[in-house]
Amino acid sequence: YNRNITEVLSNLAESAGYDYDYLCQMANRLAGKKITRINLRRFSGFHPAMQRLILRLAVAKIKGDTRRLTFKHIKELEDLILNRPVNSIVDLPKGVSVKKQKESIVFYQK
């Protein structure tokens, strides 16, 4: 083990925090003010990492946080977008649902 492991991990955490803050700012900018309605054509042009972050931010916008939102939920949303027919719905924890429309997905509270 590195003798300075505490300092190294602290530096890594600080750096990751700045990176995450910047990525969230960019995701909000890309998603727009109506992050609870995502245009699928525009969304498909984003990097997969940015897509996943936008999905998480949309859930947080509705629910207030992303607790109980797992990677499995994100994969299910990706499946909704890529493979499921229009009007399909994915139910997420805490009463959040996502409906696929012709050109967008919409996040809402049940």
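Everything that follows concerns the structure shown earlier in this document.
All of the points below concern the structure found in this document. For clarity, every value in this text was computed on a predicted model and none was experimentally measured. (Residues numbered from 1 in each chain as written. Predicted model: local features only at pLDDT ≥ 70, side-chain atom pairs only at ≥ 80, totals over all residues. Heavy atoms only, no water.)

### As for the overall build of the chain
Consideration 1: Helices and strands together make up the secondary structure of the chain, namely 4 helices and 4 strands.
Consideration 2: For the chain, the spread of C-alpha atoms along the principal axes amounts to about 55 × 25 × 25 Å.
Consideration 3: Residue pairs in contact within the chain that sit at least 24 positions apart in sequence constitute 40% of those at least 6 positions apart.
Consideration 4: Just so you have it, the chain exposes about 7,600 Å², and 53% of that area is on carbon and sulfur atoms.
Consideration 5: Of the charged side chains in the chain, 21 are positive and 10 negative, and the gap between their average positions amounts to 8 Å. (Helix = DSSP H or I, 4+ residues; strand = E, 2+ residues; numbered from the N terminus. Contact = heavy atoms within 4.5 Å. Areas by Shrake-Rupley, 256 points an atom, 1.4 Å probe, with all protein chains shown as cover. Lys, Arg positive; Asp, Glu negative; His and termini not counted. Charge placed at Lys NZ, Arg CZ, Asp CG, Glu CD.)

### Here we look at the sheet that holds strand E3 (residues 96–100)
Consideration 1: With respect to topology, 4 strands assemble into an open sheet ordered E1-E4-E3-E2, the strand pairing being antiparallel. Looking at strand neighbours, the two that pair on one side only are strand E1 (37–39) and strand E2 (89–91), the edges of this open sheet. Each neighbouring strand pair of the sheet contributes to a mean axis angle of 15°, computed without reference to strand direction.
Consideration 2: Of the strands in this sheet, E1, E3 and strand E4 (104–109) are in contact with helix H3 (residues 48–63), which crosses E4 at around 30°. (Pairing = 2+ DSSP bridges. Axes fitted to C-alpha atoms, helices over the stretch in contact; angles between N-to-C directions.)

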